[in-house]
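Here are the chains, one letter per residue:
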Amino acid sequence: MTFSLDDALRLDAQDPLALFRDRFVTPDDDTLITYLDGNSLGRPPKATQERLNALLTGEWGSRLIRSWSEGWMDLPEQVGDALGEAALGAAPGQVVVADSTSVCLYKLLRGALALRPGRNEIITDRHNFPTDNYVVQGIADELGLTVRWIESDPGAGVTAEELAAELNENTAVVTLSHVAYRSAWIADMPALTALAHQHGALTVWDLCHSVGSIPVQLDATGADFAVGCTYKFLNAGPGAPAFAYVRASHQDSFRQPVWGWMGGDTPFAMQHAYRPAPGVRRVLSGTPPITGMIGVQEGVALVAEAGIDRIRAKGMALTDMVVRLADDWLVPHGVRIASPREPDRRGGHVTLTRADAEQLAQRLIDAGVIIDFRPPDGIRVGLSPLTTGFAETWRAMRIVRDFAAADRPAQSTLAEADVA
Ligand SMILES: *Cc1c(COP(=O)(O)O)cnc(C)c1O
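The structure displayed is predicted, hence computed values, not measured ones.

Chemist: Can you walk me through the pattern of salt bridges in this structure?
Modeler: Side chains that carry opposite charge are capable of pairing whenever their charged atoms lie near each other. All chains considered together, the criterion is met by 19 salt bridges. Ionic pairing is found between Glu121 and Arg148, a salt bridge with its closest N-O pair at 2.5 Å. Residue Glu121 is found in strand E3 (residues 121-125), and its partner Arg148 is found in strand E4 (residues 146-150); the two are separated by 27 residues along the sequence. Of the residues examined, Arg148 reaches a relative accessible area of 28% and is grouped as partly exposed. When the shortest N-O distance is used, the salt bridge between Arg401 and Asp402 registers 3.3 Å. Arg401 sits in the partly exposed class, given a relative accessible area of 27%. Connected through salt bridges with shared partners, the residues Glu121, Arg148 and Glu166 form a single ionic network.

Chemist: It is not clear to me how unusual backbone geometry should be interpreted in this structure. Could you clarify?
Modeler: In most cases, non-glycine residues show a negative phi, while peptide bonds are predominantly trans. Look at the link from Pro375 to Pro376: it is a cis peptide, with omega at 5 degrees. Assignment of secondary structure puts Pro376 in the loop between strand E12 (372-374) and strand E13 (378-382). A positive phi angle is found at Leu64, which is not glycine, with a value near 50 degrees. Accessibility expressed as a relative area gives 46% for Leu64, which makes it partly exposed. Residue Asn235 is not a glycine yet carries a positive backbone phi of 55 degrees. Take Asn235: it is sitting in the loop between strand E7 (225-228) and strand E8 (242-246). Relative accessible area serves as the criterion here: at 6%, Asn235 is assigned to the buried category.

Chemist: How do you make sense of the packing of aromatic side chains when you look at a structure like this?
Modeler: The description of an aromatic ring pair uses the distance of the two centres, along with the angle that the planes make with each other. By the definition in use, this model includes six aromatic pairs. Ring geometry for Trp259 versus Tyr274: centroids 4.6 Å apart, planes at 20 degrees, classification stacked. Pair noted here: Trp259 is in the loop between E8 and helix H9 (290-306) and Tyr274 is in the loop between E8 and H9, with a separation of 15 residues, a long-range link. Since its relative accessible area comes to 22%, Tyr274 is described here as partly exposed. On the basis of an interplanar angle of 70 degrees and a centroid distance of 5.3 Å, the ring pair of Trp261 and Phe268 is categorised as edge-to-face. For Trp261, a relative accessible area of 38% corresponds to the partly exposed category. Judged by relative accessible area, Phe268 falls into the exposed class, the value being 54%. Seen from the ring of Phe129, Lys232 lies directly overhead, with NZ or CZ sitting 5.3 Å from the centre. Just above the ring of Phe403 sits the side chain of Arg363; from NZ or CZ to the centre is 4.1 Å.

Chemist: What am I meant to see in the sheet that holds E12 here?
Modeler: Either a parallel or an antiparallel arrangement is found when strands of a sheet pair, and the pairing is made through backbone hydrogen bonds. The sheet built from four strands is open, its strands ordered E9-E10-E13-E12 with antiparallel pairing. Edge positions in the open sheet fall to strand E9 (336-337) and E12, since each of these has one partner strand only. Alignment of strand E10 (residues 349-353) against E13, held across five bridges, turns out to be antiparallel. Among the inter-strand pairings, His349 is bridged to a residue of E13, identified as Gly382. Where helix H10 (residues 308-330) meets the sheet, its contacts fall on E9, E10 and E13, and the angle it forms with E10 comes to roughly 20 degrees.

Chemist: What should I look at first to understand helix H4 (residues 101-114) in this one?
Modeler: Side chains of residues three or four places apart in an α-helix project in the same direction, reflecting 3.6 residues per turn. Taking 1.5 Å as the rise per residue, H4 with 14 residues should run 20 Å; its terminal C-alpha atoms sit 20 Å apart, in good agreement. Along H4, the residues classified as buried are Thr101, Cys104, Leu105, Lys107, Leu108, Leu109, Gly111, Ala112 and Leu113.

Chemist: What exactly am I supposed to notice about the confidence of the model for the protein chain here?
Modeler: Taken over all residues, the pLDDT of the protein chain has a mean of 96, while the share at 70 or more is 97%. Taken as a whole, residues 411-420 scores under 50 in pLDDT and shows seven contacts with residues more than four places along the chain or in a different chain.

Calculation rules
Residues numbered from 1 in each chain as written. Predicted model: local features only at pLDDT ≥ 70, side-chain atom pairs only at ≥ 80, totals over all residues. Heavy atoms only, no water. Salt bridge = Lys/Arg side-chain N within 4 Å of Asp/Glu carboxyl O. Helix = DSSP H or I, 4+ residues; strand = E, 2+ residues; numbered from the N terminus. Buried < 20%, exposed > 50% of the residue type's maximum accessible area, 1.4 Å probe, protein only. Phe/Tyr/Trp six-rings, centres within 6.5 Å; stacked < 30°, edge-to-face > 60°. Lys NZ or Arg CZ within 6 Å of the ring centre and 35° of its normal. Pairing = 2+ DSSP bridges. Contact = heavy atoms within 4.5 Å. Axes fitted to C-alpha atoms, helices over the stretch in contact; angles between N-to-C directions. Expected span 1.5 Å × (residues − 1). pLDDT = per-residue confidence, 0-100.

Spelled out as structure tokens, the structure:
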């Protein structure tokens, strides 16, 4: 049965999160029809706009350097704790906000490897996000380690069987994404973590596409380390700092390679020798990025207020609608759904593939339907429950249908793509 516009309007009317949309800056752009890329760059909260203005005139503009001792110094851990509680299932004292995901991943991987001396293999997913794979390759090159690449299904993700086949007594660390950036497949974090632990390995999870979109239970799943970015579903702003989780039981023995004064135990004592700060603060290196951190603080506050379970429920309803409309409207035009069909296996976006996806994506963006293209042939439809509505998504999908029907590639191209 086709999903009608009335169905979508009814879901909007019943949506307990509908009013959150008003808490975000309204775009000054009447060519924008629907923003379906909040999984790459979330929209700005109005509260962030106000807080940044207040920072300029108050904390920075008037209090000047005194603000460091009036609160700024504590923000990495304070915002980390708030994030841990609202979205990560992490008790206080295990999350800090710092650097970028790439840099945090480097530090945590090096720290995790140092906890497994004598083991010389890292296991990861060939289809993980490029920066993750580059960081792994760089570390392997630097330390002379072997990388075992899991050839996961790009339309799904790493399974327990695939991980089990690579684990052995040399495995030091397993690093994977919780939600796959291509397919939105949700990896079974508890099972994969337990499997790694059975072989004496540690886990480093990338939560970029999970945080603020689906509930994460870092403490309960036994995850050792995790990183993630804040500018996607957390709406913290372009280049806002990332976060790092170090399980409490690992903190005393954890050492990361970028020894900076802000991760030291007494930054303003100006002593010669580095001594790591107690607890998770030792992940830090340089001066905390206060302007970006304000975006994280406000994004986390919105997620906490909305509740991650309500966000997840709406996210599942949105992706379910997109999958049903794609089945009815797009599959007949040669489009394939390259995301899991089971809602509980699927994160916050739906990936659609066709051989001419790059051209189709550009036409959609030009028409004001903002999705993104991921090579070789994927269009990601990102659904951000705090800012995305059902009817606007329905209308956007109808435009996708019209373009897909008009631009259908020649049969031969399609057949080649099916083979690839
Ligand atoms: C978005 C994303 C990143 C981004 O890393 P940056 O260092 O913030 O550029 C990394 N990994 C994954 C899985 C992502 O989705």
